[in-house]
Amino acid sequence: MSSEVTHRTVETNGIRMHLAGAGAGPLVVLCHGCPELWYSWRHQLPALAEAGFHAVAPDMRGYGRTDRPEAIDQYTLFHLVGDMVGLLDVLEAENAVIVGNDWGASVAWHAALMRPDRFRGVIGLSVPFRLRGQVRPTAVMPQTEDAVFYQLYYQTPGVAEAEFEHDVRRFIRGNLYSISGDMPAREARGAAALMVPRKGGLLARWATHFVNPAVLPPWVSENDVDFCANEFARTGFRGAINWYRNIDRNWALLAPYAGARVTVPALYIAGDRDPVVSFPGMDRLIPNLADFVHSCAPRSCCPAVATGPSRSAQRRSTLQ
Amino acid sequence: MTTEVTHRIVETNGIRMHLAEAGSGPLVVLCHGFPESWYSWRHQLPALAEAGFHAVAPDMRGYGQTERPEAIDQYTLLHLVGDMVSLLDALGADQAVIAGHDWGAPVAWHAALLRPDRFRAVIGLSVPYRPRGTVRPTTVMPQNDNAVFYQLYFQTPGLAETELERDVGRTIRGILYSAAGDATPRESSVTAVGAVGMVPRKGGFLSGLEDPTNLPSWLSKADVAFYTDEFTRTGFTGGLNWYRNIDRNWELLAPFAGARVMVPALYIAGDRDLVMRFPGMDQLIPSLTRFVPQLRGTIMLPGCGHWTQQERAGEVNAAMIDFLRQL
């Protein structure tokens, strides 16, 4: 069986979507996060193909060689899950297992929540399923006189784009490193590391929390950085950041799912040095995930692994 | 057991919602349509209570004594289904059977589609479950040089409300009468064969409606007065805003392309209901079990028009209670 990665463009949910795929067999859809690409699954595509699956990693809506609709409200979770349902239709797959990392995990969990008939299993990396909260999310995100949670910083159209696009390669390289497990531990690790100064933006944090290292860690190469930097240099970051600009809209639209649980078999994988596991509320959520995800396999926390792919994450990427 | 109808206000999904309710027992939620009120279920509330159910009919979002958010995008099906989920929470009910008429029917069908764990069965009156189409709905609604489908006429904010609010009493009488089974279809009417739901580009919505001299037997002057008072106070914008989300709903429901309603269901309509003659209904209704596999029955009431549960209260009550008891 060929484990070679091939590319094509399909029409799904009204947009043109670029896919990388490998293998044949039961379908596994891989949803990347922010600011990433299909390329974040480069180690999974051949491994899953080798194991007898048809692995497909799209450039998600707003990214890479997929369309980037102009309007912010075209990036709700309903559009994103709709893209994935449309993808199954295009691939003529009755059902699939859906996997997501970071923002892609939210897409995967909600795909499994909304269409358990199409998504027979779900694997969430980094971000666990979160029950819909009682209040509008941005209303309770951390902010102080000096700094705001990065998701608040992303709300104003154009601000973060301008900052990230000023030197795309530097941002990509720094971002991959700074929230990886290789970033040296600092006092302000975790949630505090994700606060953006009101004055100066993310750039003001380069010296302390946002580091562009002299030498990259072994799991990421300069070629990898080049690939991502070239893509974002071409597309900009607006599509990616627009996902964050729908956080409150998603919350309003998800009212029908208040209290709803994910009922298909599920696996959650994260790194214990991933800043996401230190977000407000995660300390209570993650140990109790099985309360909201009925068939969640025992939590797998990978020591010293953050949002980047790792050997141990690969080993655990099969549905049990 | 008391079958008296009582009223209260609850907080649901961020808005204050007025409810009329009767009885105790398993919960049955009743969702009215356009341009209506909890009052459209006045015959069902005591009958369901008598049969051993807790029947609850809210003024839906935008209507009556319930709040009417300003922004049009606050009236999507996801907001409306969210209101119903939140209503169950407010009433402390794990589950309910949900019934809906006219626009309330899509709310009920989608509540059952999205939350089969909360809505254990569904009853649709007049409007059947429609699977999501492949194209933006307003792009395929009928229109010609002289007239547009009424749902297109309702799209422009302010336009229809100005017409409907000019003489609310006449609007209510005209709509209730003209869409009833009692109306005599006229050439120029919105219910006329070949022109169902078409609004003349010159003349507006009411020009196609009859203002009857005598009300049909199922509708009293007091009934007309109730609706007239409510809409005089609230206006029609809240109700019209539901139509202004038809395309947005279609977009947001992309995850549900091809999805089927899996809980037990009942569909009731009148054979003189103009909805029966909407484009596509002739194919959809006979094949409804393809999309609602647990459909226990389609009841087509001869001579009944659009106002199913008001025109045929006795038959609708009996059918609902029979369905509820067999769940």
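Criteria and cut-off values
- Residues numbered from 1 in each chain as written.
- Chains lettered and ligands numbered in written order.
- Predicted model: local features only at pLDDT ≥ 70, side-chain atom pairs only at ≥ 80, totals over all residues.
- Helix = DSSP H or I, 4+ residues; strand = E, 2+ residues; numbered from the N terminus.
- Buried ≥ 20, exposed ≤ 12 C-beta atoms within 10 Å, placed from the backbone.
- Contact = placed C-beta atoms within 7 Å.
- Rg over C-alpha atoms; globule rule 2.2 N^0.38 Å.
- Pairing = 2+ DSSP bridges.
- Axes fitted to C-alpha atoms, helices over the stretch in contact; angles between N-to-C directions.
- Right-handed = clockwise from strand over helix to strand, strands pointing away.
- pLDDT = per-residue confidence, 0-100.
- Expected span 1.5 Å × (residues − 1).
- Core = buried A, V, L, I, M, F, W, Y, C linked by C-beta atoms within 7 Å.
- Parallel < 35°, antiparallel > 145°, perpendicular 65-115°, else oblique.
- Left-handed = near helix turned anticlockwise from the far one by under 90°.
- Nonpolar A, V, L, I, M, F, W, Y, C, P; charged D, E, K, R; others polar.

### Things to note about the overall build of chain A
Okay, so step 1: In terms of helices and strands, chain A carries 11 helices and 10 strands.
Okay, so step 2: Each of the 320 residues in chain A was classed as buried or not, and the buried ones make up 46%.
Okay, so step 3: Here the analysis covers contacts within chain A between residues at least 6 apart in sequence; of these, 76% occur between residues at least 24 apart.

### Observations concerning the overall build of chain B
Okay, so step 1: A count of helical and extended segments in chain B gives 12 helices and 10 strands.
Okay, so step 2: For a compact globule of 327 residues, the expected C-alpha radius of gyration is about 20 Å, and chain B comes in at 18 Å, within 12% of that figure.
Okay, so step 3: The dimensions of chain B, computed from C-alpha atoms along their principal axes, are 50 × 45 × 40 Å.
Okay, so step 4: The buried share of chain B, reckoned over its 327 residues, is 50%.
Okay, so step 5: Of the contacts formed within chain B by residues at least 6 apart in sequence, a portion of 75% connects residues at least 24 apart.

### A word on the interface of chain A and chain B
Okay, so step 1: Between chain A and chain B, the contact holds 16 residues from the first and 16 residues from the second.
Okay, so step 2: Counting residues per element, the side of chain A that touches chain B draws most heavily on helix H2 (residues 77-90) of chain A, which supplies 7 residues.

### Observations concerning helix H6 (residues 168-178) of chain A
Okay, so step 1: Taken across its 11 residues, H6(A) has 9 buried, putting it largely inside the fold.
Okay, so step 2: Taken as a whole, H6(A) has its buried residues at Val168(A), Phe171(A), Ile172(A), Arg173(A), Gly174(A), Asn175(A), Leu176(A), Tyr177(A) and Ser178(A).

### What about the sheet that holds strand E9 (residues 265-270) of chain B?
All names here are of chain B.
Okay, so step 1: Ordered in space as E1-E2-E4-E3-E5-E6-E9-E10, the 8 strands form an open sheet in which the pairing is mixed. Of all the strands in the sheet, the pair left with one neighbour each is strand E1 (6-12) and strand E10 (295-301). In this sheet, neighbouring strand axes are inclined to one another by 20° on average, regardless of whether the strands run parallel or antiparallel.
Okay, so step 2: Here 6 bridges tie strand E5 (residues 96-101) to strand E6 (residues 119-125), and the two strands are oriented parallel to one another.

### A closer look at the pairing of E6(B)
Residue and element names in this part refer to chain B.
Okay, so step 1: Across the 7 residues that make up E6, a large majority, 6, are buried.
Okay, so step 2: Taken together, E5, helix H3 (residues 104-114) and E6 form a β-α-β motif whose crossover is right-handed.
Okay, so step 3: Note that E6 and E9 share 4 bridges and pair parallel. The residue bridging Ile 123 from the neighbouring strand is Leu 266, located in E9.

### Considering the confidence of the model for chain A
Okay, so step 1: Summing up the model confidence of chain A, the mean pLDDT is 89 and the portion of residues at 70 or higher is 88%.
Okay, so step 2: Low pLDDT, under 50, characterises residues 300-320 of chain A; the stretch is placed with 54 contacts to residues that sit more than four places away or in other chains.

### A word on the pairing of strand E4 (residues 54-58) of chain B
Residues and elements named next belong to chain B.
Okay, so step 1: With 4 of 5 residues buried, E4 is to be regarded as a mostly interior element.
Okay, so step 2: One ladder, built from 4 bridges, connects strand E2 (residues 15-22) with E4; its direction is antiparallel. For Ala 20, the partnering residue across the bridge sits in E4 and is Ala 57.
Okay, so step 3: Considered for its hand, the β-α-β crossover made up of strand E3 (residues 27-31), helix H1 (residues 44-50) and E4 is right-handed.

### Comments concerning H2(A)
Residue and element names in this part refer to chain A.
Okay, so step 1: End to end, H2 covers 20 Å across 14 residues, agreeing with the expected 20 Å (1.5 Å per residue, within 8%).
Okay, so step 2: Counting buried positions over the 14 residues of H2 gives 12, a clear majority of the element.
Okay, so step 3: Within H2, burial applies to Leu 77, Phe 78, His 79, Leu 80, Val 81, Gly 82, Asp 83, Met 84, Val 85, Gly 86, Leu 87 and Leu 88.

### Some remarks on the nonpolar core
Okay, so step 1: One finds Val29(A), Ile98(A), Val28(B), Ile98(B), Ala108(B) and Val122(B) to be the most contacted residues of the largest nonpolar core, which totals 185 residues.
Okay, so step 2: The element that contributes the greatest number of residues to this core is helix H3 (residues 103-114) of chain A, accounting for 9 residues.
Okay, so step 3: Dropping the residues within four chain positions of it, Val28(B) is found in contact with Leu48(B), Phe53(B), His54(B), Ala55(B), Ala96(B), Val97(B), Ala99(B) and Leu324(B).

### Focus: the packing of helix H6 (residues 168-178) of chain B against helix H7 (residues 221-234) of chain B
All names here are of chain B.
Okay, so step 1: Two numbers describe how H6 lies on H7: the axes approach to 9 Å, and their chain directions differ by 130°. When the interaxial angle is binned, H6 and H7 end up oblique. Of the two possible hands of crossing, H6 and H7 adopt the one that is right-handed. Across the interface between the two elements, Val 168, Gly 169, Ile 172 and Arg 173 from H6 touch Val 224, Tyr 227, Thr 228, Phe 231 and Thr 232 from H7.

### With respect to the environment of Tyr63(A)
All names here are of chain A.
Okay, so step 1: Within the secondary structure layout, Tyr 63 lies in the loop between strand E4 (54-58) and H2.
Okay, so step 2: For the pair Tyr 63 and Tyr 257, spaced 194 residues apart in sequence, the C-alpha to C-alpha distance is 27 Å.
Okay, so step 3: Contact partners of Tyr 63, with chain neighbours within four places excluded, come to Leu 37, Thr 235, Gly 239 and Ala 240.

### Focus on unusual backbone geometry
All names here are of chain A.
Okay, so step 1: Cys 34 connects to Pro 35 through a cis peptide bond whose omega is -10°.
Okay, so step 2: The residue Pro 35 is located in the loop between strand E3 (27-31) and helix H1 (44-50) in this model.
Okay, so step 3: At Asp 102, a residue that is not glycine, the phi angle is positive and equals roughly 60°.
Okay, so step 4: In this fold, Asp 102 is placed in the loop between strand E5 (96-101) and H3.

### Some thoughts on the packing of H2(A) against H3(A)
Residues and elements named next belong to chain A.
Okay, so step 1: Interaxial distance between H2 and H3 falls to 9 Å at its minimum, and their mutual angle equals 75°. In terms of their interaxial angle, H2 and H3 are classed as roughly perpendicular. On H3, the residues touching Leu 77, Leu 80, Val 81 and Met 84 of H2 are Ser 106, Val 107, His 110, Ala 111 and Met 114.
Okay, so step 2: Its residues placed into classes, the contact of H2 with H3 shows 7 nonpolar, 2 polar and no charged.

### A word on the confidence of the model for chain B
Residue and element names in this part refer to chain B.
Okay, so step 1: Averaged over all residues, the pLDDT of chain B is 95; the fraction at 70 or higher stands at 96%.
Okay, so step 2: Per-residue pLDDT, averaged within each element of chain B, yields its smallest value for strand E8 (residues 198-200) (92) and its largest for E3 (99).
Okay, so step 3: This prediction of the complex comes with two scores: 0.94 for pTM and 0.94 for ipTM.

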